[in-house]
Every structure is written in structure tokens, then in C-alpha cells.
Amino acid sequence: MQVIHDFFGSFGGKYVAETLRTPLDELEEAFKQALEDSLFERDFNRFSKEFTGRPTPLLFAENTTTLLGGAAVYIKLEGLANTGAHKINNVLGQCLLAKRMGKRRIIAETGAGQHGLATAAMCAKMGFNCRIYMGETDIRRQRPNVFWMELFGAEVVPVKGVSGTLKDAVNEALRDWSSSFEDTHYLLGSALGPAPYPDMVREFQSVIGREVKEQVDKLGLDVEVMVACVGGGSNAIGFFSQFIDCSKPRLIGVEAGGRGSGPGEHAARMSGSGREGILHGYKSLFLTDEEGQVLPTHSISAGLDYPGIGPQLAYLGKKGRIGFTTIDDTGALEALRFFAKNEGIVFALESAHAGAAAIKLAHEIPKEKAIIINMSGRGDKDIFILAREMKGRQWSNFLKEEVIRNEN
Ligand SMILES: *Cc1c(COP(=O)(O)O)cnc(C)c1O
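Criteria and cut-off values
Residues numbered from 1 in each chain as written. Predicted model: local features only at pLDDT ≥ 70, side-chain atom pairs only at ≥ 80, totals over all residues. Heavy atoms only, no water. Helix = DSSP H or I, 4+ residues; strand = E, 2+ residues; numbered from the N terminus. Rg over C-alpha atoms; globule rule 2.2 N^0.38 Å. Buried < 20%, exposed > 50% of the residue type's maximum accessible area, 1.4 Å probe, protein only. Patch = residues over 30% accessible without salt bridge, like charges linked within 9 Å, V, L, I, M, F, W, Y side chains within 5 Å. Areas by Shrake-Rupley, 256 points an atom, 1.4 Å probe, with all protein chains shown as cover. Salt bridge = Lys/Arg side-chain N within 4 Å of Asp/Glu carboxyl O. Contact = heavy atoms within 4.5 Å. Near = heavy atom within 4 Å. Polar contact = N/O pair within 3.5 Å; in protein donor to acceptor, adjacent residues only side chain to side chain. Nonpolar A, V, L, I, M, F, W, Y, C, P; charged D, E, K, R; others polar. Domains from an automatic or database assignment. Buried area = accessible area lost by both parts, 1.4 Å probe. Pairing = 2+ DSSP bridges. Right-handed = clockwise from strand over helix to strand, strands pointing away. Axes fitted to C-alpha atoms, helices over the stretch in contact; angles between N-to-C directions. Parallel < 35°, antiparallel > 145°, perpendicular 65-115°, else oblique. Left-handed = near helix turned anticlockwise from the far one by under 90°. Core = buried A, V, L, I, M, F, W, Y, C linked by side-chain atoms within 4.5 Å. Expected span 1.5 Å × (residues − 1). Bend = angle between axes of the 7 residues up to and from the residue.

> Describe the overall build of the chain, naming the residues involved and giving the relevant values.
When helices and strands are counted, the chain shows 16 helices and 14 strands. Since a compact globule built from 408 residues should have a radius of gyration of about 22 Å, the 20 Å found for the chain is in line with a globular shape. Taking the principal axes of its C-alpha atoms as reference, the chain extends roughly 60 × 55 × 50 Å. Here the chain, with 408 residues, has 60% of them falling under the buried criterion.

Dropping the structure here:
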């Protein structure tokens, strides 16, 4: 049984306006009760199997292993989960919780749209009214996901703001919730925000780590390193969950190195210049200027493009249990290409950061050991970015033809 924490070291907490105390306390109570209830677990397992398609495979990347000549490379294929990424695990847990609490309406923020997509799909399945807050800039950048969310019956609400991205969407969702919590659950998408969200999201995402542990034991692998990309930190903390309290394997979180180390060019908080601060209801490390103003971020992958990091990861990073490194935009693209060519799978650009870090490490590790990469999502959603980067002329000709066809 997991303990509920308000703080991880000095990180975390519940730094919210008075109005949000009530719904957060109510949520914490419901979460505690659900953890004690075998019916909750039964429902979670049933939906995971039937709707999400769990367990997801642990793939032996044979060609990669041979090419790199070091550790045996394994890939946890979260990208095969319904809606294409690990986000659905947390969405499932919170939707079941919202049902228990008698809520009828779900609101969520989304950046790239993967969390919004998973939320919209689960709301369709479970019969919730669903509203997704999304920055105006992100709506423009991630059109296909907006299309799918609307197909699932969700209302996608554009949020204006300085940047019109995820940060603004979270603020807007919190604002909605403070006056709607009677019938509404706020389904936060990563292992951050005020307590109990960091614990709750880790708990629901730890299904990844439990499966990996079982799969590793069954294969008798001697795992030296586990690697995951880190946006807010939910896929990483879920993937690492069963190994945090052990001294082995090495755990590595990969942040977005973007296009440079200057302010606004990356999203490296642990491995870069994160400063202690409070945003979105929790204390952690954030990319801010000297006056504490949140800096813009950049990554080729929208999912890693967030100025903060979940409090538990920040704590474990400071303590030294988890190491952090960065991969830049180019490195992520190269890794994506590498795994497509050699393994026949397309990583999401986010996950490709983890893949790239693993490629760098694998050859230093002896053959009899294993390295596991968490492929947090698949890359279908990134086709507009990839095609532009890899097949510029051909792709823009195709788009022009489509526009003409559309207009006729
Ligand atoms: C959202 C997302 C991420 C980043 O979020 P975390 O909370 O850090 O896991 C990473 N990969 C994919 C595919 C995503 O959709």
C-alpha cells in the first residue's frame, strides 16, 4: 500500500487558493478509500486489459542490441496502449475515481493533446461530459488531436495567454474547477500539481513499472539501467516506481535539450538551470528568470515542453537516486529514425529522447546486462513535424494538393 505524501523532501505541497482546498481534500479522501477497495482495483484491471490493451509488451530490440554491441536493449511499448501513449493509465484511474465521487463532468488541460485525447476517449467510454482546455498556440500546432477529441464528443476550449500553451491551460482548468467542483473532477495529466495529484498520478502510472518488474523477472534479466523521458514526469515515475527503493538498476530521466542551452531554448530543469519556485499549486524546480518569472521553453516534442517537473522526481534527483541528462532536438530525431529503420517501430518524439540516451549508454554496458527504454508513446501524432523535417518538399507538395482537393 502506498503512503500519501504532501511533500517529497521540501518539494510538493498544496499551494492553492482557499477555494481549492475543499475539492483537493475531498479528492484525497476518495483516493485513499479507493486504494483500500478491491472493487476499484478490479475495475482498474478490467479496463486496463479490455480498453487499454494491457499488459503492453516488453520488446527485445535484437537488431539494436547487435548494432550497438553492448547491453541487451529492451523497449517497453506504452505506445501500443489505446490512444497511443501512457496517458490513458492515469486517465482511467481518475475517471474511475470521479465515478465513485458521483461527478458527471470532467475537465482537463492538454499540451500536445495526448492527455486530452486519452481523457476524451475515456469520457466517451464512461459517459462523462468532457471539456478540454488547450492553449491557442497548441491548438494550432496539434490540429489532428483536436479533431480526435471532438470526434470523441469533447469540447475543446482555446486558452489565450502570453504563450498560449500548457501552462495557460492548467491555469484555466484550475479556475474552472474552483467554481465547478460540486459536479466536476479536474483530471490533471502528469505527476505534478497540488497534493494529492503527484501521488495519485504515480499510483495509476505504476502499472507500467509493475508489468516491467514481472516481465523482467520472467525473462531473468539483469537490468543495469532504465531510461525514460521527463516532461512533467508521469511516465518516468510510473516506469521507475517498483525500483526506486532498490539500489539497482540505475534510473535515468531524459529532459529536452531543445536547440540550445540559452533561456527559452530548452526544457532542462534538473540537468539544466531549474530554480526552486511555486507554480500550479506545488513547489519544485522551474525554469525561471532571476525574478522568478517563468521562462518560455522549447522542444521539438510538445510533451517535454513544460517549465516545471513533478515534485517526487525533483526530490529523487536531488537525492541522487535518479540521474538526469538531456537530448537535443536533433538527437531525438536521429533516434526516432534509428528505431524506425532497425526495429520497425515509431517512437513519439518525446520517447525518442529516452531512446537516444539509451543508444549513447548501451555500448558501455556489458553484454550480459540489460537496458530498458520506456517508449511512452508512438509517433503517429508527430507526422506533421517529422515529415517537414525529413521530407520537406514532398510533404509540402502533398499538403498543397490536399488543400486544393479540400476547396473543390
Ligand atoms: C505527455 C507525454 C510525455 C510527457 O509527460 P510525462 O508526464 O513526463 O510522462 C511523454 N511522452 C508522451 C508520449 C506523452 O504523450
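> For a nonpolar patch on the surface, give the residues involved together with the corresponding values.
Judged by side-chain polarity, Phe147, Trp148, Leu151 and Phe152 come together as a nonpolar surface patch covering roughly 440 Å² of accessible area. With respect to the element layout, Trp148 can be found in helix α7 (residues 143-151).

> Tell me what's going on with the side chain of Thr52, and back it up with residues and numbers.
Its location among the elements puts Thr52 in helix α2 (residues 38-52). Setting aside residues no more than four positions away along its own chain, Thr52 makes contact with Phe47, Leu80, Ala81, Asn82, Ile88 and Asn89.

> Could you give an account of the site of the ligand, with specific residues and numbers?
Inspection of the region around the ligand gives 17 residues, with Lys87, Ser190, Gly233, Ser234 and Ser376 positioned closest. Within the side chain of Lys87, one N or O atom sits 2.8 Å away from an oxygen atom of the ligand. Burial of the ligand by the protein chains amounts to 95% of its free accessible area of 380 Å². Class assignment for the residues of the shell around the ligand results in four nonpolar, 11 polar and two charged. When residues of the shell around the ligand are assigned to domains, at least three map to each of domain 1 (18-50 + 86-198) and domain 2 (54-84 + 206-387).

> Describe in detail the pattern of salt bridges, supporting the description with residues and values.
Inspection of the entire model under this criterion finds 28 salt bridges. The partner of Asp138 in a salt bridge is Arg141, and the shortest N-O contact between them spans 2.7 Å. You can see Asp138 and its partner Arg141 sitting in helix α6 (residues 136-141), three residues apart, about one turn around the helix. Exposure remark for Asp138: the relative accessible area of 3% places this residue in the buried category. For Arg141, a relative accessible area of 43% puts it in the partly exposed group. A salt bridge links Glu350 to Lys381; the shortest N-O distance between them is 2.8 Å. Taken together, the positions of Glu350 in helix α14 (residues 349-362) and Lys381 in the loop between β14 (370-375) and α15 (383-390) put the pair 31 residues apart, joining distant regions of the chain. Here the salt bridges do not stand alone but share partners, grouping Lys14, Asp25, Glu28 and Lys32 into one network.

> Explain the domain arrangement of the chain residue by residue, including any values.
Considered domain by domain, the chain is made up of domain 1 (18-50 + 86-198) and domain 2 (54-84 + 206-387). Averaged C-alpha coordinates put domain 1 and domain 2 at centres separated by 23 Å. Taken together, the contact pairs 25 residues of domain 1 with 28 residues of domain 2. Area buried by domain 1 at its contact with domain 2 is led by His86, Lys167 and Leu192, which between them contribute 27% of it.

> Break down the pairing of strand β6 (residues 129-135) for me, citing the residues and quoting the values.
The element β6 is largely enclosed, with a buried count of five among its seven residues. Bridge count between strand β5 (residues 105-110) and β6: six bridges; the pairing is parallel. Residue pairing for β6: Glu109 is matched across the bridge by Tyr133. This β-α-β element, β5 to helix α5 (residues 114-126) to β6, shows right-handed connectivity. Pairing analysis gives five bridges linking β6 to strand β7 (residues 155-159), with the strands arranged parallel. Considered in β7, the bridge of Arg131 is made with Glu155.

> How would you summarise the environment of Glu36 if you had to cite specific residues and measurements?
Within the element layout of this structure, Glu36 appears in the loop between α1 (21-35) and α2. The exposure class assigned to Glu36 is exposed, which follows from its relative accessible area of 61%.

> Any chance you could break down the packing of α5 against α7 for me, citing the residues and the numbers?
Put simply, α5 and α7 touch, their axes get as near as 9 Å, and they point 15° apart. Relative to α7, the element α5 is oriented roughly parallel. α7 is crossed by α5, and the crossing has left-handed handedness. Of α7, the residues touching α5 (which contributes Gln114, Gly116, Leu117 and Ala120) are Asn145, Trp148 and Met149.

> So, the nonpolar core: which residues are in play, and what are the values?
Formed by 90 residues in total, the largest nonpolar core has its most connected members in Leu97, Trp177, Tyr186, Met226, Phe240 and Ile372. By residue number, the principal contributor to this core is helix α9 (residues 197-219), which donates eight residues. Split by domain, this core shows at least three residues from each of two domains, domain 1 (18-50 + 86-198) and domain 2 (54-84 + 206-387). Leu97 has contacts with Leu27, Ala30, Phe31, Ala34, Phe40, Met200 and Phe204, leaving out every residue within four places of it along the chain. One finds Ala256, Ala335, Ala354 and Ile373 within the second-largest nonpolar core, a separate group that totals 38 residues.

> Requested: an account of α9, with residues and values cited.
The end-to-end C-alpha distance of α9 is 34 Å, a good match for the 33 Å that 23 residues give at a rise of 1.5 Å each. The largest bend along α9 reaches roughly 40° and is located at Gln205. With 17 of 23 residues buried, α9 lies mostly within the body of the structure.

> Could you give me a rundown of the sheet that holds β6, with the residues and numbers involved?
Ordered by their spatial adjacency, four strands build an open sheet running β7-β6-β5-β8, and the pairing between neighbours is parallel. In the strand order of this sheet, the two ends are held by β7 and β8 (184-186), each with one partner. The average undirected angle you get between the axes of adjacent strands in this sheet is 25°. Strand direction decides the pairing type here: β5 and β8, joined by three bridges, are parallel. Residue pairing across strands places Ile107 opposite Tyr186, the latter belonging to β8. The strands touched by α5 within the sheet are β5 and β6, with β5 carrying the most contacts at an inclination of about 165°.

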